[in-house]
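# Summary of the model geometry
Residues per chain are reported as follows:
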Amino acid sequence: MSTVFGRIRDLVSSFLRSSESYEEAVGSFIKELQKEMIRADVNIKVVSELTSRIRERALKEEPPPGVLRKEWFIKIVYDELSKLLGGDISLEPFPKSFPWIVLLVGIQGSGKTTTAGKLALFYKKRGYRVGLATTDIYRAAAYEQLKQLAEAIGVPFYGEKIGDPIEISKKAIKTLLNEYFCDIVVVDTAGRHGYGREEDLLREMKDIAEAIKPSEVVLVVDASMGQKAFDLAKKFHEWTPIGSIIITKLDGTARGGGALSAVAATGAKIKFVGDGEKLEDFELFNPRKFVARVLGLGDIESLLEKFKAIEESDEIKKRLEKAVTLGKMSMRDIYHQLKSIKKLGPLRKVLDLVPGLSMLKIGDEILKGSEKKIDIWINIIDSMTYRELDNPSVIDRGRIRRIALGSGRGVTDVRELLDYYELVNKMLKDLKRGKLRVKGLDLDKLGGGPGE
Ligand code: GDP
Ligand code: MG
């Protein structure tokens, strides 16, 4: 499956693992993102607006303490893609006026008839009087399929097996409104014209729309369509302005590449998603959830959790306590520590949060020095790869040079940071082994032990 979203996910992975400097990595990510989106036929204006917003934020924003700049960048991409798809809020699903007439359009097999049933159930459950109608006269089974759904849900149905779809649509509305007193009517349509010609189908949709003047024309798009969805959505939109989009089959292997294209092609927003064949497999579209899913849950979810966590300030305390308990501190802890210091003020204050640690006299001189080096060291850590962060012992001479170059800092600065890392860890190790006695620090109380 190659969809624009599938590729974005790969881009995210390689971005996080790249050994380029932050600025370079952002530059290449954006270039690739543009290429992918243009290849997927996403409107060029949409692409350039999206990427320039991402670039601007990427270079301007400071991540909160504890978050690497590269991680924060992914958050920015996630934010901006979510915004493109509708932002924080789901579209209002409830009718603005009555009667509310919904016309479902889309190609055969996209899931229109199933979606008509899902909509009927959704609104019926919420107390509306819903009616279902079909204008599909080309497939004999189409009439039966919707009729059975209507019976199963317990809502009125109108359809005719033969005749003129436009006349049928008018009669359906009249009947369902005047005889069944429906407040919502969902009109299902054919996805393939009798002669199989696309233009005939598009004209028929236009004629039906003109005949019944729907409150909303809804384009039903199969999630697995990828870039084909763009052309399709564009054509429908040209003939019959699309008011909203419903994405179906999100339960499949597809990651929903068609969604972005359909949105880009019509300017309409996604209102619902279907994620299964059953009538209950239907929910309001949530842009953030969707983007998290397509960006790759593994990568993004843990990051998002982390962003939330840092909002709680006792994180800093916890990290330092853990370092004392385990007798070691990772480069990520140090990064976090540096960021906290920047945000929270003097190092001593942060250390005061941990009982006993502030009394580590040996560390004082070096830590004092580090206060001046905060910005330098933050830059340096930003230029490290994941592997280097997780295991600084792999950083040899060559890597030191590369990191220095990437961060725009000196080789000596990189060495000093590595020395600091080692010294802190030695101190913590000694402390844990009991070589260092510190008044007021009860190691047993902090828990942990060998092998943890
Ligand atoms: P239409 O031709 O556009 O009316 O499409 P249908 O509603 O007849 O659906 C075509 C096929 O897709 C049927 O087998 C449906 O059961 C299936 N389908 C529809 N929506 C979904 C969905 O959200 N998930 C899955 N897995 N299948 C779906
Ligand atoms: Mg159908």
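Residues numbered from 1 in each chain as written. Chains lettered and ligands numbered in written order. Predicted model: local features only at pLDDT ≥ 70, side-chain atom pairs only at ≥ 80, totals over all residues. Heavy atoms only, no water.

### Some thoughts on the overall build of the protein
Put simply, the test is: The helix count covers DSSP runs of H or I at least four residues long, the strand count covers runs of E at least two residues long, and both are numbered beginning at the N terminus. Each residue gets one of three labels from its accessible area relative to the maximum for its type: buried under 20%, exposed over 50%, partly exposed in between, using a 1.4 Å probe on protein chains only. Working rule for contacts: check all heavy atoms of both residues, and any pair within 4.5 Å makes them a contact.
Counting its secondary structure elements, the protein contains 19 helices and eight strands. Of all 452 residues assigned to the protein, the portion counted as buried reaches 54%. Considering only residue pairs separated by 6 or more positions, the protein has 74% of its internal contacts joining residues 24 or more positions apart.

### Points about the site of ligand 1
The condition is simple: Residue proximity to a molecule or strand is established when one non-hydrogen atom of the residue lies within 4 Å of it. Definition of a polar contact: a pair of N or O atoms within 3.5 Å, with one able to donate and the other able to accept a hydrogen when the atoms are protein atoms, and with sequence-neighbouring residues admitted only if both atoms are side-chain atoms. Calculation of accessible area relied on Shrake-Rupley with a 1.4 Å probe; when residues are assessed, cover is drawn exclusively from the protein chains displayed. Under the scheme applied, nonpolar residues are Ala, Val, Leu, Ile, Met, Phe, Trp, Tyr, Cys and Pro; charged residues are Asp, Glu, Lys and Arg; polar residues are all the others, including Gly.
Gly109, Lys112, Thr113, Thr114 and Asp251 are the nearest of the 16 residues found near ligand 1. Between an oxygen atom of ligand 1 and a main-chain N or O atom of Gly111, the distance comes to 2.9 Å. One of the backbone nitrogen or oxygen atoms of Gly274 is found 3.4 Å away from an oxygen atom of ligand 1. Its free accessible area being 580 Å², ligand 1 has 79% of it covered by the protein chains. In terms of residue count, helix 5 (residues 112-125) provides more of the shell around ligand 1 than any other element does, four residues in total. Looking at the shell around ligand 1 residue by residue, the class counts come to one nonpolar, nine polar and six charged.

### Examining empty space enclosed by the protein
Let me state the cut-off plainly: Grid points spaced at 1 Å over the protein atoms alone were grouped into cavities, where a 1.4 Å probe fits but cannot get out, and pockets, open sets with protein on both sides within 12 Å along at least five of seven lines, with lining residues defined by an atom within 4 Å of a point. Grid points are joined across faces, edges and corners, and a volume is the space filled by probe spheres set on the points.
Counted under the stated rule, the structure contains five cavities of 30 Å³ or more. Size it by volume and the second largest cavity reaches roughly 70 Å³. In this structure, the second largest cavity is lined by Trp100, Val102, Leu119, Tyr123, Glu216, Val218, Ser244, Ile246, Lys271 and Phe272. When residues of the lining of the second largest cavity are traced back to their parent elements, those giving at least two are strand 1 (100-105), helix 5, strand 5 (216-222), strand 6 (244-248) and strand 7 (269-274). Taken together, the residues that form the lining of the second largest cavity break down as seven nonpolar, one polar and two charged.

### Considering the environment of Ala211
Positionally, Ala211 belongs in helix 8 (residues 198-212). Considered as a pair, Ala211 and Ile166 are 45 residues apart in the sequence and their alpha carbons are 6.8 Å apart. Setting aside anything within four residues of it in sequence, one finds Ala211 in contact with Ile166, Ser169 and Lys170.

### Describing the packing of helix 5 against helix 6 (residues 140-153)
The condition is simple: All axes are obtained by fitting lines to C-alpha atoms, using only the stretch in contact for helices, and the reported angles, taken between N-to-C directions, cover 0 to 180 degrees. Roughly parallel means an angle under 35 degrees; roughly antiparallel means over 145; roughly perpendicular covers 65 to 115; every other angle is labelled oblique. By definition, any crossing whose near helix is turned counterclockwise from its far helix by less than a right angle is left-handed, and any crossing with a clockwise turn is right-handed.
Running from N to C, helix 5 and helix 6 point in directions that differ by 20°, and their axes come no closer than 10 Å. Taken as axis vectors, helix 5 and helix 6 run roughly parallel relative to one another. Pair helix 5 / helix 6 crosses with right-handed handedness. Counted together, Thr113, Thr114, Ala116, Gly117, Ala120, Leu121 and Lys124 of helix 5 and Gln145, Leu146, Leu149 and Ile153 of helix 6 form the full contact between these two elements.

### Concerning helix 18 (residues 411-433)
Just so we agree on the cut-off: Multiplying 1.5 Å by the helix residue count minus one yields the expected span of that helix.
Here helix 18 is 23 residues long and its end C-alpha atoms lie 33 Å apart, about the 33 Å a rise of 1.5 Å per residue gives. Those residues of helix 18 not exposed but buried are Asp413, Val414, Leu417, Leu418, Tyr420, Tyr421, Val424, Asn425, Met427, Leu428, Asp430 and Leu431. One or two positions beyond helix 18, positive phi appears at Gly434, with a value near 90°.

From the geometry alone we can't say anything about function, so treat these as descriptive.
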